[in-house]
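One letter stands for each residue in the lines below.
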Amino acid sequence: MQFNHDNMTGVLLAADLVNAASSGDPAERIGEAFERHEIRGRDALPSFVGELLDWAMHLRGVFEGLDARARCEKVNALLEIGASRGVYLTTHDGLDPHLHFAPESDNLLARVRAVTAGGLAIFLTESRGVRLGACARGGCEQVFVDVGRNATRRYCSPRCGNNDAVDRHRRRS
Ligand SMILES: [Zn+2]
Ligand SMILES: [Zn+2]
């Protein structure tokens, strides 16, 4: 399966926000994620940290959703908040046509809600409802977007996969 990377900003940012929220320094990590995804007006971040952490908690529910239907229901709830002002196509900055879920003039929080809710919705239509997950290693709270060929990813990182294998081996012996 090939994913169009231009449509991936929202879903990747959603995962980054969830992982930032469960890190030791959420504000710093959210700032890094905004920079990585070139979110406009990100200097306003300090005013919105609390609300973004709250939003991240809702985003986490999508990654931890049990099946496609549960994930869709959760994304619909997010779209109701994040994309309530309408969807439109844009070609800003010379980019290929892509969907925006909030007016350019909206504040940072509203635009981040819109791009993450919309990005998750687009991704689920392309991923057939799977390819979003939470790390299977006990005690690890990271979530991930699986863009691998077979959609079999279970861990946030190779390191968690290896450690989990070692733990299971220890428990057996
Ligand atoms: Zn755009
Ligand atoms: Zn992990």
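The text that follows walks through the structure, step by step, so that each part is easy to find. Because the structure is predicted, anything quoted here is derived from the model rather than measured. Chains are numbered independently. Their residues run from 1 in the order of the written sequence. Here chains are named by letter from A upward and ligands by number from 1 upward, in the order in which they appear as written. The predicted origin of the model limits local features to residues at a pLDDT of at least 70 and limits the giving and counting of side-chain atom pairs to 80 or more, whereas totals for whole chains, interfaces and linings rest on all residues. Calculation of side-chain values draws on the structure's entire complement of heavy atoms; hydrogens and water are dropped beforehand.

### Considering the pattern of salt bridges
Stated formally: Throughout this description, the term salt bridge denotes a Lys or Arg side-chain nitrogen within 4 Å of a carboxyl oxygen of Asp or Glu. Under the scheme used here, helices are H or I runs from DSSP no shorter than 4 residues and strands are E runs no shorter than 2 residues, and both carry numbers assigned from the N terminus. For the exposure calls, accessible area comes from a 1.4 Å probe over protein chains only, and a residue counts as buried if that area is under 20% of its type's maximum, exposed if over 50%, partly exposed in between.
Evaluation of the coordinates by the stated rule reveals 7 salt bridges. Arg36 is the salt-bridge partner of Asp16, the closest N and O atoms lying 3.1 Å from each other. With Asp16 in helix H1 (residues 9-21) and Arg36 in helix H2 (residues 26-36), the pair connects residues that are 20 residues apart, well separated along the chain. Residue classification places Asp16 among the buried positions, given a relative accessible area of 19%. Judged by its relative accessible area of 53%, Arg36 falls in the exposed class. A salt bridge links Asp106 to Arg85; the nearest nitrogen and oxygen atoms lie 2.2 Å apart. Separated by 21 residues along the polypeptide, Asp106 in the loop between strand S2 (98-100) and helix H5 (108-126) and Arg85 in the loop between helix H4 (68-82) and strand S1 (88-90) bring together distant segments of the chain. Overall, Asp106 belongs to the buried group, its relative accessible area being 12%.

### As for a nonpolar patch on the surface
Using the following cut-off: Patches draw on residues past 30% relative accessible area with no salt bridge. Two like charges within 9 Å are joined, as are two nonpolar side chains (Val, Leu, Ile, Met, Phe, Trp, Tyr) within 5 Å. Only the protein chains shown count as cover for residues, and all accessible areas are computed by the Shrake-Rupley method using a 1.4 Å probe.
Residues Val87, Leu89 and Leu99 make up a contiguous nonpolar surface patch of about 280 Å² in total accessible area. As for its position among the elements, Val87 is in the loop between H4 and S1.

### Concerning the coordination of the zinc ion (ligand 1)
Put simply, the rule is: We call an atom a donor if it is N, O or S and sits within 2.8 Å of the metal, or 3.2 Å for Na, K and Ca. Water is not counted, so some sites may look partial.
Listed as protein donors to the zinc ion (ligand 1) are His92 (NE2), His98 (NE2) and His100 (NE2); their distances from the metal cover 2.1 Å. The class for His100 is buried, based on a relative accessible area of 17%.

### Notes on the packing of H4 against H5
Selection criterion: Fitted lines through C-alpha atoms give the axes, limited to the stretch in contact for helices. The angle between two N-to-C directions lies from 0 to 180 degrees. Should an angle fall under 35 degrees it is taken as roughly parallel, and over 145 as roughly antiparallel, whereas 65 to 115 is taken as roughly perpendicular and any remaining angle as oblique. Left-handed is the label given to a crossing in which the near helix is rotated counterclockwise from the far helix by less than a right angle, and right-handed is the label when the rotation is clockwise. Any pair of residues with heavy atoms lying within 4.5 Å of one another is described as a contacting pair.
One way to put it is that H4 packs onto H5 with a least axis distance of 9 Å and a crossing angle of 150°. In terms of their interaxial angle, H4 and H5 are classed as roughly antiparallel. Where H4 crosses over H5, the two elements pack in a sense that is left-handed. For the pair H4 and H5, the contacting residues are Arg71, Cys72, Val75, Leu78, Leu79, Ile81 and Gly82 in the first and Ala110, Arg113, Ala114, Ala117, Gly118, Leu120, Ala121 and Leu124 in the second.

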